[in-house]
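Here's the letter readout for the chains.
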Amino acid sequence: MEPLERLEKLLDKEQFEKIKAIDNPQLHAFLADWIEWLEPDRVFVCTDSEEDERYVKWKALYYGEEKMLETPNHTVHYDNYYDQARDKANTAVLVPKGKKLPYVDTKDREESLKEIRELMKGVMKGKELFVCFFVLGPKNSIFTIPAVQLTDSAYVAHSEFLLYRKGYEDFKRLGRNTRFLRFIHSAGELDERKTSKNLDKRRVYIDVEGDTVYSVNTQYGGNTIGLKKLAFRLTIKRAVEEGWLSEHMFLMRVNGPHGRKTYFTGAYPSMCGKTSTAMISWENIVGDDLTFILPVNGIARGANVEKGVFGIIEGINPEDDPIIWQVLHSPVEIIFSNVLVKDGKPYWNGMGIEIPDEGENHSGKWWKGKKDKEGKEIPPSHKNARFTVSLEHFPNADLEALENPCGVEIGGMIFGGRDKDTWPPVREAFNWEHGVITMGASLESETTAATLGKEGIREFNPMAILDFMSVHLGDYIRNYLEFGRKLKKTPKIFAVNYFLRDEKGNWLNHKLDKAVWLKWMELRVHGDADAIETPIGYIPKYEDLRRLFKEVLNKEYTREAYEKQFTIRVPELLAKIERIEEIYRKLEDVPKELFQVLEEERKRLLEAREKYGDYISPFAFEGS
Ligand SMILES: Nc1nc2c(ncn2[C@@H]2O[C@H](COP(=O)(O)OP(=O)(O)OP(=O)(O)O)[C@@H](O)[C@H]2O)c(=O)[nH]1
Ligand SMILES: O=C([O-])CC(=O)C(=O)O
Ligand SMILES: [Mn+2]
């Protein structure tokens, strides 16, 4: 039977008409196959109407996946206690038999498709399936990629309405041959708290060949929200094939002197400061997690893949994050996840006000001192508790840049991670290759609560993207280097480190110091500040930072603080080059330049050590 005929049998009339209006035989076949396989009790097709969106929101409450809070339009959602972060162990990129991708968890495609299909057979019995259409990137733009999501979680569908641009009308308009991404998710069987029960059968399988991602027996957004990190694996592959960049980056506007607007991207691993940088209240946010960058007439132009924020809530307080704080306390539509709730109010760790001793949280009924099965004390909210909200509600959002179909010109690209002892707070690369290789491809960071498993372990994490890598790392880096060669004007590349510590483990910087580094980088993009040349790139001059600290934060910045923070730590830097080189030597097919550029950096460091010793004051280079 023809797919449309099968769909007519599977759907009630109203829903069928919505699908029939899209003239795309591939879509029809996909839907017919999967609806028959998943066996939902009923199917709801979301168009772009307000009414359909309201229906989904209402269903999240009706099925108990979300609960209302006191403030209008606020809801709370909980994930299973053991389903609070991305599950790397059960996530895999599917590859043909015998093929492996270095540093990526891969599985045999044929076997795994069979496995996941078995896990999903009839999984939606008794449930409602939501069919949703969205686009990645601004609508009707050079960036737009259409996607369809099937899910039995109204919470997942609701989150996507807050985070992505609606795409039903685009599917109608784009016609028969449109290539689109596919996401199939089931939360599986739910427990009495409406959280996924069969975590032992949790799987996230990425079929890059089929442009499809399967996710089952999990609810946590990073494992389930198709257009977020699931789509990301597919778009990284597409970008490498087509010669552009799909990145784990924020996109923001830094406001320079005389009203100058300069756009920056920043790639830091999960929970390492993208949102908190892009949200600095006197600058302007365009995006906080995913950016597409295309070469357009020799210029790198970037756009936010999303239109909302799935942000970490821990530590959000009125002093450090006044804008997020204000938004979280206004009656706009927000989903809080895995926070403490008492009397209809949400609370989280580090919010800077007193938190109740009891309530409901990610562990169920909670009281202070409650321990989990492993004997660990349960904090009021989970470290990876998050909020989901659309960017339009942020007074500092640059909405024009957000919706610009041509994106914005990227002036600077920043790389950074959690590094306690090696990199200075900010530095600029000598050129594109130097930045891509010694900053992006050499990035290491300590693990965080954004993924299941141990925290605080230093790991290789090139371009902050390793968890999502779906292509050979060598090809990925080659594409980056070639991307630079397509440009008439390459963005400047910078590296930051917000997480430097002293011998006693104290932070060397305050959370807002990053605002100063941004202003310095903005000046550097336009050649408006001098810098000191060191073996690892250009660093700021003390006088410039002192002035900027005063202007931006009204703070005194001492010579001692500067000297400590910007000391060039030769032994640590050399050890890092060793580690990185060893990693790439083991891979086949890595661009040769990578080894050359690392070797040159090593030589510069050895020469400097010869002259100045192991730990070199920035003032030493200033004189030379
Ligand atoms: N010590 C220190 N901590 C920081 C700084 N900036 C951010 N953090 C901490 O980093 C964590 C959150 O980082 P976010 O900005 O939300 O992370 P993100 O990079 O957007 O992460 P994902 O959404 O997981 O991709 C919080 O625990 C912050 O307190 C900083 O300058 N210093
Ligand atoms: O995808 C998620 O779960 C949230 C996120 O931004 C990340 O982990 O990088
Ligand atoms: Mn992220």
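Remember, predicted model here, so these are calculated numbers, not experimental data.

**Overview of the packing of helix H15 (residues 513–525) against helix H16 (residues 542–553)**
Think of two packed helices as two axes; the pair is described by the angle between the axes and how far apart they sit. Running from N to C, H15 and H16 cross one another at 120 degrees; their axes reach a closest spacing of 9 Å. The pairing of H15 with H16 is recorded here as oblique in orientation. Crossing of H15 against H16: the hand is right-handed. Residues Asp 513, Ala 515, Val 516, Trp 517, Lys 519, Trp 520 and Leu 523 of H15 form the contact with H16, whose participating residues are Leu 545, Arg 547, Leu 548, Phe 549, Val 552 and Leu 553. Of the residues that constitute the contact of H15 with H16, the class distribution is 10 nonpolar, no polar and 3 charged.

**Section: the UniProt feature "binding site: GTP" (unreviewed entry) in the protein**
In this structure's numbering, the residues bearing the UniProt feature "binding site: GTP" (unreviewed entry) are Met 271, Cys 272, Gly 273, Lys 274, Thr 275, Ser 276, Arg 386 and Arg 418. When only the residues just named are considered, the largest pocket is lined by Met 271, Cys 272, Gly 273, Lys 274, Thr 275, Ser 276, Arg 386 and Arg 418. Topologically, Arg 386 is positioned in strand E24 (residues 386–390). Once residues lying within four places of it in the same chain are set aside, the contact partners of Arg 386 are Tyr 220, Phe 310, Gly 311, Ile 312, Ile 313, Ile 335, Phe 336, Ser 337 and Ala 450. Engagement of the side chain of Arg 386 in a polar contact is seen with the backbone oxygen of Phe 310, the distance being 3.0 Å.

**A few points about the packing of aromatic side chains**
What the rule picks out here adds up to 39 aromatic pairs. Centroid distance Trp 34 to Tyr 214: 5.6 Å. Interplanar angle 50 degrees. Geometry classified as tilted. Here Trp 34 is found in helix H3 (residues 25–38), whereas its partner Tyr 214 is found in strand E11 (residues 212–216), with 180 residues between them in sequence. Classification of Tyr 214 by relative accessible area gives buried; the value is 8%. Pairing Phe 499 with Trp 507 gives two aromatic rings, centres 5.8 Å apart and planes at 70 degrees, and the pair type is edge-to-face. Residue classification places Phe 499 among the buried residues on the basis of a relative accessible area of 14%. Members of the aromatic cluster, connected to one another through ring pairs, are Trp 517, Tyr 542, Phe 549, Tyr 557, Tyr 562, Phe 566 and Phe 619. Its end group placed over the ring of Tyr 78, Arg 193 keeps NZ or CZ at 5.4 Å from the ring centre.

**Points about the UniProt feature "domain: Phosphoenolpyruvate carboxykinase C-terminal P-loop" (unreviewed entry) in the protein**
UniProt records the feature "domain: Phosphoenolpyruvate carboxykinase C-terminal P-loop" (unreviewed entry) at residues 244–604, using the numbering of this structure. Helix and strand shares over residues 244–604 are 28% and 25% respectively, and the end C-alpha atoms of the span are 32 Å apart.

**Notes on the domain arrangement of the protein**
Partitioning the protein into domains gives domain 1 (3–64 + 87–242), domain 2 (246–306 + 403–621) and domain 3 (310–392). Computed from C-alpha atoms alone, the centre-to-centre distance between domain 1 and domain 3 is 28 Å. The interface of domain 1 with domain 3 comprises 11 residues on the first partner and 14 residues on the second. Together domain 1 and domain 3 conceal approximately 1100 Å² of surface at their shared face, both sides included; 56% is due to carbon and sulfur atoms.

**Description of unusual backbone geometry**
Look at Asn 73: it is not a glycine, yet its phi comes out positive at around 70 degrees. Following the sequence through the fold, Asn 73 ends up in the loop between strand E2 (67–68) and strand E3 (74–77). One non-glycine residue, Asn 554, lies in the positive phi region at around 50 degrees. For Asn 554, the location among the structural elements is in the loop between H16 and helix H17 (559–566). Judged by relative accessible area, Asn 554 falls into the exposed class, the value being 57%.

Rules of the game
Residue positions within a chain follow its written sequence, with the count starting from 1. Think of it this way: whatever chain is written first is A, whatever ligand is written first is 1, and the rest follow in order. Side-chain atom pairs in this predicted model are given and counted only at pLDDT of 80 or more, local residue features only at pLDDT of at least 70, and totals for whole chains, interfaces and linings cover all residues. Heavy atoms from the whole structure form the basis of all side-chain values; hydrogens and water molecules are not counted. Only the stretch in contact is used when fitting a helix axis, every axis being a line fitted to C-alpha atoms; angles between N-to-C directions are given from 0 to 180 degrees. The way it works is that DSSP assigns letters per residue, a run of H or I at least four long becomes a helix, a run of E at least two long becomes a strand, and they are numbered from the N terminus. In this scheme, roughly parallel covers angles under 35 degrees and roughly antiparallel covers those over 145, while 65 to 115 is roughly perpendicular and the rest are oblique. By the definition used in this description, the sense in which the near helix is turned from the far one sets the handedness, with an anticlockwise turn below a right angle giving left-handed and a clockwise turn giving right-handed. Every residue pair with non-hydrogen atoms within 4.5 Å of one another is taken to be in contact. Residue polarity is assigned by list, with Asp, Glu, Lys and Arg as charged and Ala, Val, Leu, Ile, Met, Phe, Trp, Tyr, Cys and Pro as nonpolar; anything else, Gly included, falls into the polar class. UniProt positions are given in the numbering used here, feature names are shortened, and annotations may be inferred rather than shown by experiment. Using a grid of 1 Å spacing that covers the protein atoms alone, one calls a set of points a cavity when a 1.4 Å probe fits there but cannot get out, and a pocket when the set is open and has protein on both sides within 12 Å along at least five of seven lines; lining residues are those with an atom within 4 Å of a point. Nitrogen and oxygen atoms within 3.5 Å of one another constitute a polar contact, given that in protein one can donate a hydrogen and the other can accept it, and given that sequence-neighbouring residues count only through two side-chain atoms. When two rings of Phe, Tyr or Trp (its six-membered ring) have centres within 6.5 Å they constitute a pair, described as stacked for plane angles under 30 degrees, edge-to-face for angles over 60, and tilted for the intermediate range. Exposure is judged per residue with a 1.4 Å probe applied to protein chains only, and the accessible area is read against the type maximum: over 50% gives exposed, under 20% gives buried, and values in between give partly exposed. Two conditions define a charge sitting above a ring: the NZ of Lys or the CZ of Arg must be within 6 Å of the ring centre, and it must be within 35 degrees of the ring normal. Domain ranges listed in this record stem from an automatic or a database domain assignment. When two components associate, each loses some accessible surface as probed by a 1.4 Å sphere; the sum of these losses over both components is called the buried area.

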